[in-house]
Amino acid sequence: MADQMNDIVNLAGRILLALLFLGGAAQKMADPVPVEAMIVTLRLPSAIIWPVAIFNLLAAVGLVFGPGVRAWALVLAAYCIFTSWFHWQLRADPWQITIFVKNWSIAGGLLVLAAQGPGRFAIGQRPGRMS
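The text that follows walks through the structure, step by step, so that each part is easy to find. A quick note: this is a predicted structure, and the numbers were derived from the prediction, not measured.

**Overview of the overall build of the protein chain**
Looking only at helices and strands, one finds five helices and zero strands in the protein chain. Projected onto the principal axes, the alpha-carbon positions of the protein chain cover approximately 50 × 25 × 20 Å. Considering only contacts in the protein chain between residues 6 or more positions apart, those separated by 24 or more positions represent 64%. If you sum the accessible surface of the protein chain, you get close to 7700 Å²; carbon and sulfur atoms cover 73% of it. Charge centroids of the protein chain, computed over 9 positive and 5 negative side chains, lie 10 Å from each other.

**Focus on unusual backbone geometry**
Here the residue pair Gly 66 and Pro 67 is connected by a cis peptide bond, since its omega of -5° sits within 30 degrees of zero. Looking at where Pro 67 falls in the secondary structure, it is placed in the loop between helix 3 (49-65) and helix 4 (69-89). The phi dihedral of Arg 43 falls on the positive side, at around 65°, and the residue is not glycine. With respect to the helices and strands, Arg 43 occurs in the loop between helix 2 (33-41) and helix 3.

**Here's the deal with the pattern of salt bridges**
According to the stated counting rule, one finds one salt bridge in the structure shown. Arg 120 is the partner of Asp 7 in a salt bridge, and the nearest nitrogen-oxygen pair spans 2.4 Å. With a gap of 113 residues between them, Asp 7 in helix 1 (residues 2-30) and Arg 120 in the segment after helix 5 (94-116) connect regions that are remote in the sequence. The buried category is assigned to Asp 7, whose relative accessible area is 3%.

**Notes on the nonpolar core**
Residues Phe 21, Leu 63, Leu 76 and Leu 110 are the most contacted members of the largest nonpolar core, which totals 19 residues. For this core, the secondary structure elements donating two or more residues are helix 1, helix 3, helix 4 and helix 5. In terms of residues, this core owes the most to one element, helix 4, which gives six residues. When near neighbours in sequence (up to four residues on either side) are disregarded, Phe 21 contacts Asn 56, Ala 60, Leu 63, Leu 76, Tyr 79, Cys 80, Ile 106 and Leu 110.

**Things to note about the packing of helix 1 against helix 3**
One can describe the packing of helix 1 onto helix 3 by two numbers: an axis separation of 8 Å at closest approach and a directional angle of 160°. Taken together, helix 1 and helix 3 sit at an angle that is classed as roughly antiparallel. Seen along the crossing, helix 1 lies across helix 3 with a hand that is left-handed. Residue-level inspection shows Leu 11, Arg 14, Ile 15, Leu 17, Ala 18, Phe 21, Leu 22, Gly 24, Ala 25, Lys 28 and Met 29 of helix 1 in contact with helix 3, the latter providing Ile 49, Trp 50, Val 52, Ala 53, Ile 54, Asn 56, Leu 57, Ala 60, Leu 63 and Val 64. When the residues that make up the contact of helix 1 with helix 3 are grouped by side-chain class, the tally is 17 nonpolar, two polar and two charged.

Here is what the cut-offs are and how they apply
- Residues numbered from 1 in each chain as written.
- Predicted model: local features only at pLDDT ≥ 70, side-chain atom pairs only at ≥ 80, totals over all residues.
- Heavy atoms only, no water.
- Helix = DSSP H or I, 4+ residues; strand = E, 2+ residues; numbered from the N terminus.
- Contact = heavy atoms within 4.5 Å.
- Areas by Shrake-Rupley, 256 points an atom, 1.4 Å probe, with all protein chains shown as cover.
- Lys, Arg positive; Asp, Glu negative; His and termini not counted.
- Charge placed at Lys NZ, Arg CZ, Asp CG, Glu CD.
- Salt bridge = Lys/Arg side-chain N within 4 Å of Asp/Glu carboxyl O.
- Buried < 20%, exposed > 50% of the residue type's maximum accessible area, 1.4 Å probe, protein only.
- Core = buried A, V, L, I, M, F, W, Y, C linked by side-chain atoms within 4.5 Å.
- Axes fitted to C-alpha atoms, helices over the stretch in contact; angles between N-to-C directions.
- Parallel < 35°, antiparallel > 145°, perpendicular 65-115°, else oblique.
- Left-handed = near helix turned anticlockwise from the far one by under 90°.
- Nonpolar A, V, L, I, M, F, W, Y, C, P; charged D, E, K, R; others polar.

Have a look at this one:
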C-alpha cells in the first residue's frame, strides 16, 4: 500500500513539474514577443525561442510519461540552473530574482526525482524496476 501511494505521489509531483515546462512552451508559442525581447536584451538570437519551446514541450511529456524520467529530470535540472543565469542578468527587475530562485528550487526537486526515479507509473518501466 505504501509503495502504491509513493508511486501515486511521485506521478502527481511529475505532473506538477511538467505543467511548468508545458506552460513555458505554451507561453513561448502563443506569445513569443516578450520572451524574444528578453532574449535579444541578452544579445542572443530571438529565433532560439522556438527550439527552447519545443524542448520545454518534449521535456514536459518526458517527465510525465517517460521513458527516461531520470534523464529528463537531470537535463531539466541543468536547464533550470543554466537559464537562471539569464534571469540574474536582468536582476534590476525584482521579478527576475524571484524566477532565479524558483529555477534553483525546481532544479532541486528535479534532482530528487532523478535520484528516486519515476516509480511504477512511467512508460518503459519494467516490473520491479524503479529507474
